[in-house]
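# Structure assessment
Listed below, chain by chain, are the residues.
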Amino acid sequence: KRSSTKVAHFKWEVEYMHWSPDCNEGVVMGINGQFPGPTIRARAGDTVVVELTNKLPTEGVVIHWHGIRQMGTPWADGTAAISQCAINPGETFIYKFIVDKAGTYFYHGHYGMQRSAGLYGSLIVDVAEYKKEPFHYDGEFNLLLSDWWHKNAHEQELDLSSKPFRWIGEPQSLLLNGRGQYNCSLAAQFSNPPLSQCKFTGTEQCAPQTMTVQPNKIYRLRIASTTALASLNLAIGGHKMVVVEADGNYVEPFSVYDMDIYSGESYSILFKADQNPSQNYWISVGVRGRKPNTPQALTILNYSPTSSTKLPTSRPPTTPLWNDYYHSKSFANRIKAWRGSPKPPTTYNRRIMLLNTQNRIDGFTKWAINNISLSLPVTPYLGSIKYNLKNAFANSQPPDSFSPSYDVMRPPVNPNTTHGDGIYMLKFNSTIDVILQNANALADNVSEIHPWHLHGHDFWVLGYGEEKFTDKDVVKFNLKNPPLRNSVVIFPYGWTALRFVADNPGAWAFHCHIEPHLHMGMGVVFAEGIYRLKNIPKEALTCGLTGKMFMDRKH
Ligand SMILES: O=C1O[C@H]([C@@H](O)CO)C(O)=C1O
């Protein structure tokens, strides 16, 4: 039988709301009165239409559909100043795109610090009608992970843009499906420092969502992280997890007892409810990669018919030490493409080496790529390239590499950098290798984790390595079964190599998914094949030079 595709139509209003995500009242950016926003559920091949009305009184908004490649619809990618103009207060923009590949995705604001403000939700694509997943399960759960600060996103943004620099610090809470507990713990008897026991009626905005399972059944847990900062580790007390999907691509199944999840990544795991059914179990999520100062997020895996309010008697799983990078790397290296996945081209046309450094501009703290800190222009690249508007952005491309004598193990000798809005123009259908090179930050003996996310494409992760990448490292590339993903991390003082085909006409952000880092300039933009696009909706481009152009042409 042939499957019939549908249109999934949504009308959304984005607005600020008083909310208590972690039992402490603050302000969140919600959608239709919900936080997190509504879950979109569609089948592979369906068209998703979201009519988005901006009800924020005085600021623009856009939404990025993270992991959806937007083949042929680059104006629906939801990146302010790259794929579209921010939607003004009171205005409605129609996002219309096809979800072509089953998997676990999410959406989030892509303007300023609107992700930190809580603008996000889940997007789940089921296999097409009459198609089957390549694994069996009896039920499924969805877990959207995020981090939450008590300081609002506007103050965070100002702090990051201040001289002297004010770092936003570690989050106050981690949220599971938008729910966390700041001033109490579900596992008070095990908490250190001591916290009081949380008591919930279940109707509180911060009450945990428990997951109820039937003994001996198999469940799929969909996990996605939209954190602004935190790298996370998830475990289900006493249960083995089999990883089967990463970023909307199947992976060769492998089992673990805990897993790392960086901002921008999504996974599916399968677990069997094979433990003693008279008990309940902890699902715990803790911080990795940065010295933590945030309690674990907890919820309960409840075995039917045991009461869901019965607390597990054991201690929640211990999150691996934040700086146990050996553990992180062994997890990362176990992720391999599923047998049926497309293979990468065996050679590349262009290699772009991207050096990641922390820098300064006139005393402001920045991040830079090949010594340029990204600052976005007024006119979205998609429009200024399509209409060949001069002076919309720098006309020279940023460099394809950095000085071979740069010492990645030491703080920068000259920490100063410059702003830039130049972008990489890629030949349509060419194969691009990117080597992301990590380095020492401004302080001695500090190099941080950065999860990089590419818009508009999946890439093959060819490998990870230590210290400075050299040509000799090419022999270590995995061309046999590299996983296809849209997000990948660089480890401290290490490099990560990836390959993709520039086959999707558009202008695409490629950036560190840590929101404050992107805000501080940690990203680049790739553009390819824009001349091939026929009709870009004018509503996407009615600002800046394209806005003027449309106004000048009297219709
Ligand atoms: O961008 C960052 O700034 C701080 C620190 O480097 C300076 O305060 C930090 O931990 C970051 O990730």
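Predicted model, so just to flag it, every value in this text is computed and none were measured.

Let us look at the overall build of the protein. In terms of helices and strands, the protein carries 5 helices and 34 strands. Here the C-alpha radius of gyration of the protein, 23 Å, is about what a compact globule of 555 residues would show, namely 24 Å. Considering only C-alpha atoms, the protein reaches an extent of 70 × 55 × 55 Å along its principal axes. In the protein, buried positions account for 50% of the 555 residues. Long-range contacts, defined here as pairs at least 24 residues apart, represent 78% of the contacts in the protein between residues at least 6 apart.

Counting buried positions over the 6 residues of strand S15 (residues 231–236) gives 6, a clear majority of the element. Neither face of S15 is open: one carries Ser231, Asn233 and Ala235, the other Leu232, Leu234 and Ile236, and all of them are buried. As defined by bridge partners, S15 adjoins strand S20 (residues 281–288) across 6 bridges and the pair is classed as antiparallel. Residue pairing for S20: Leu232 is matched across the bridge by Val287.

This next bit is on unusual backbone geometry. Across the junction of Asn192 and Pro193, the peptide omega takes the value 0°, indicating a cis bond. Within the element layout of this structure, Pro193 appears in the loop between strand S11 (184–185) and strand S12 (196–197). Between Ser304 and Pro305 the backbone carries a cis peptide bond, its omega angle lying at 5°. Along the chain, Pro305 turns up in the loop between strand S21 (297–303) and helix H2 (325–334). Within the chain, Asn370 stands out as a residue other than glycine whose phi angle is a positive 50°.

Once that is clear, we can look at the sheet that holds S21. A sheet is described by the order of its strands in space; here 5 strands give the open sequence S13-S21-S20-S15-S18, paired in mixed fashion. Bordering the open sheet on either side are strand S13 (211–213) and strand S18 (259–261), each of which pairs with just one other strand. The mean inter-strand angle of the sheet, taken between neighbouring strand axes irrespective of direction, is 25°.

Turning our eyes to something else, we now look at the UniProt feature "domain: Plastocyanin-like" (unreviewed entry) in the protein. Those residues carrying the UniProt feature "domain: Plastocyanin-like" (unreviewed entry) are residues 14–126, 141–305 and 401–528 in this numbering. Secondary structure content for residues 14–126 is 0% helix and 43% strand, while the C-alpha to C-alpha distance between its ends is 26 Å. Secondary structure content for residues 141–305 is 5% helix and 44% strand, while the C-alpha to C-alpha distance between its ends is 18 Å.

So, on to the domain arrangement of the protein. Interface extent is often summarised as the accessible area lost during association of the parts. According to the domain assignment, the protein contains domain 1 (7–128), domain 2 (140–334) and domain 3 (350–550). Computed over C-alpha atoms, the centres of domain 1 and domain 3 are 23 Å apart. Residue-level contacts link 17 residues of domain 1 with 24 residues of domain 3. Here the side of domain 1 that touches domain 3 is built from residues that sort into 8 nonpolar, 6 polar and 3 charged.

A separate point is the site of the ligand. The ligand sits among Trp167, Ala441, Glu448 and His517. Along the lines of polarity and charge, the residues of the shell around the ligand split into 2 nonpolar, 1 polar and 1 charged.

Looking at the protein as a whole, the pLDDT averages 97, with 99% of positions reaching at least 70. Across the whole predicted complex the pTM is 0.98, and at the interface the ipTM reaches 0.98.

Cut-offs and rules
Residues take numbers from 1 onward in each chain, read along the sequence in its written order. Local features in this predicted model are restricted to residues whose pLDDT is 70 or higher, and side-chain atom pairs enter the listing and the counts only when it is 80 or higher, whereas totals over whole chains, interfaces and linings include all residues. Each helix is a run of H or I in the DSSP string that is no shorter than four residues. Each strand is a run of E no shorter than two, and both are numbered from the N terminus. The globule rule used here is 2.2 Å times the number of residues to the 0.38 power, and the radius of gyration it is set against is calculated over C-alpha atoms. Burial is judged by counting other C-beta atoms within 10 Å of a residue's own C-beta: 20 or more means buried, 12 or fewer means exposed, and anything between counts as partly exposed, with every C-beta placed from the backbone. Contacts are defined on C-beta atoms placed from the backbone: any two residues whose C-beta positions lie within 7 Å are in contact. Pairing between two strands is assigned when DSSP locates at least 2 bridges connecting them. The axes are straight lines fitted to the C-alpha atoms, using for helices just the contacting stretch, and the angles between their N-to-C directions are given from 0 to 180°. UniProt positions are given in the numbering used here, feature names are shortened, and annotations may be inferred rather than shown by experiment. Just so you know, the domain bounds were taken from an automatic or database domain assignment. The classification used treats Ala, Val, Leu, Ile, Met, Phe, Trp, Tyr, Cys and Pro as nonpolar, Asp, Glu, Lys and Arg as charged, and all other residues, Gly among them, as polar. Near, as applied to residues and a molecule or strand, means the residue's backbone-placed C-beta atom lies within 6 Å of it. The predictor attaches a confidence to each residue, and that confidence, scored 0 to 100, is pLDDT.

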